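Residue-level structure breakdown
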Amino acid sequence: MDWRDYLTDTARAVSFLSRITVPASVFDGHDGSLSRGVRAFPLAGLLVSLPAATTLFVMLVLNATPLLAAFAALAVQALVTGALHEDGLSDTADGLGGGRDRDHALAIMKDSRIGSHGAVALLIAFGLRAAAIAELATHLGPLGAAMCLPATAALSRALMVWHWSALPPARSNGLAVAVGAPLKSALNLALSSGVILSAALLVPAASLFAYFLAVLVAALAAAAFTARIRRVLSGHTGDTIGATQQVTEIAALAALAMAS
């Protein structure tokens with residue numbers, strides 16, 4: 001693997017997954033495809049989560065309550081990412097909850113307005129993550145809890161690539177189609193790097209058992225969610241890819257909190 005190409009893919013992935021500005025030169029000659037670039041999603045997810053992790057650490061050190069620090073970290077994360085994955089979660093929840101059939105569900109997901117199912121999904125997602133992060137802060141301390149954020153960010157971005165590759169496109173157009181399907185080699189590198197990066201952070205921060213539990217629960221959540229999407233939509237969309245990140249991050253954080 002050419003590390004210069006990998007770092008370029010990482011910069012492009014950071015731009016795709018967040019509002020962080022990267023040098024325009026990294027897009028010179030790029031055709032917009034992410035078929036290879038998804039291999040860098042775990043590392044990009046880790047980098048994108050660092051402002052939120054720093055916020056959590058600083059606020060806990062300054063004696064903020066764990067729940068306040070957790071919500072502040074999530075707010076920073078939403079600002080950095082532009083709530084990209086939260087948008088996918090809410091649209092997917094509206095489609096699955098309100099769709100009479102596949103076509104109706106896809107039409108609902110394309111609507112920019114948020115419905116009751118999407119609103120409830122967002123409330124649950126923020127609440128569960130905040131509660132889990134607060135629990136981690138209580139048991140692991142400022143540094144340990146902060147390390148859990150980039151770890152679960154890397155793992156969840158790897159699993160969203162798996163969801164992407166496990167299903168065909170649900171539409172003949174759309175963002176997921178425009179940027180291309182993940183290459184097998186890119187999927188393998190995304191999964192392996194997600195597992196390695198999360199291990200490097202979670203084992204010192206929590207324990208080996210907590211790490212294995214987080215990976216297992218997140219993988220099961222990804223498999224269950226993907227199976228549901230396959231039954232209802234017969235394929236992925238950009239929204240379901242983003243929703244996979246949210247579902248697996250919640251699962252991983254909850255597992256870590258319960259194991260700590």
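Before any of the text, the structure's been laid out above.
Residues numbered from 1 in each chain as written. Predicted model: local features only at pLDDT ≥ 70, side-chain atom pairs only at ≥ 80, totals over all residues. Heavy atoms only, no water.

1. What to know about the overall build of the chain
Assigned secondary structure in the chain consists of ten helices and zero strands. The secondary structure elements of the chain, listed N-terminal to C-terminal, are α-α-α-α-α-α-α-α-α-α. A compact globule built from 260 residues should have a C-alpha radius of gyration of about 18 Å, and the chain, at 18 Å, falls within 12% of that. Principal-axis analysis of the C-alpha atoms gives the chain an extent of 50 × 45 × 30 Å. For the chain, with 260 residues in total, the buried portion stands at 50%. In the chain, the share of contacts with a sequence separation of at least 24, taken over all contacts with a separation of at least 6, comes to 80%. As displayed, the chain offers around 11,300 Å² of accessible surface, 67% of which is attributable to carbon and sulfur atoms. If you average the places of the 16 positive and of the 15 negative side-chain charges in the chain, the two averages end up 4 Å apart. (Helix = DSSP H or I, 4+ residues; strand = E, 2+ residues; numbered from the N terminus. Rg over C-alpha atoms; globule rule 2.2 N^0.38 Å. Buried < 20%, exposed > 50% of the residue type's maximum accessible area, 1.4 Å probe, protein only. Contact = heavy atoms within 4.5 Å. Areas by Shrake-Rupley, 256 points an atom, 1.4 Å probe, with all protein chains shown as cover. Lys, Arg positive; Asp, Glu negative; His and termini not counted. Charge placed at Lys NZ, Arg CZ, Asp CG, Glu CD.)

2. Concerning the nonpolar core
Membership of the largest hydrophobic core comes to 36 residues, with the highest contact counts inside it found for Leu56, Ile133, Leu136, Leu149, Leu202 and Leu256. Broken down by secondary-structure element, the contributors of at least two residues to this core are α2 (41-61), α3 (66-81), α6 (116-166), α8 (184-205), α9 (208-233) and α10 (238-259). Per-element accounting of this core gives the leading share, 14 residues, to α6. Beyond its immediate chain neighbours, meaning those up to four positions away, Leu256 contacts Leu136, Cys148, Thr152, Leu202, Ala210 and Ala214. In terms of nonpolar packing, the next biggest core, distinct from the first, is built from 24 residues, Ala11, Val22, Leu34 and Ala44 among them. (Core = buried A, V, L, I, M, F, W, Y, C linked by side-chain atoms within 4.5 Å.)

3. A short note on the packing of helix α1 (residues 3-17) against α2
Where α1 contacts α2, the axes come no closer than 8 Å and their chain directions differ by 55°. Relative to α2, the element α1 lies oblique. Between α1 and α2 lies a crossing of right-handed hand. Listed contacts from α2 to Tyr6, Thr10, Ala13, Val14, Phe16 and Leu17 of α1 are Phe41, Leu43, Ala44, Gly45, Leu47 and Val48. (Axes fitted to C-alpha atoms, helices over the stretch in contact; angles between N-to-C directions. Parallel < 35°, antiparallel > 145°, perpendicular 65-115°, else oblique. Left-handed = near helix turned anticlockwise from the far one by under 90°.)

4. Focus on helix α5 (residues 102-110)
For α5, the set of buried residues is Ala105, Leu106 and Met109. Each buried residue of α5 lies within a common arc of 95° when the element is viewed along its axis, so the set occupies one face. Within α5, the exposed residues directed more than 90 degrees away from the buried face are Asp103 and Lys110. Where α5 is buried, its residues contact α4 (84-98), α9 and α10. (Arc of directions from axis to C-beta.)

5. Side note on the side chain of Thr81
Its location among the elements puts Thr81 in helix α3. Only 3.2 Å separates the side chain of Thr81 from the backbone nitrogen of Ala83, close enough to count as a polar contact. (Polar contact = N/O pair within 3.5 Å; in protein donor to acceptor, adjacent residues only side chain to side chain.)

6. Digging into unusual backbone geometry
With phi around 70°, Asn63 is a residue other than glycine that occupies positive phi space. Inspection of the secondary structure puts Asn63 in the loop between α2 and α3. Using a relative accessible area of 70% as the deciding quantity, one classes Asn63 as exposed. Its identity is not glycine, yet Ser234 carries a phi of approximately 65°, on the positive side.

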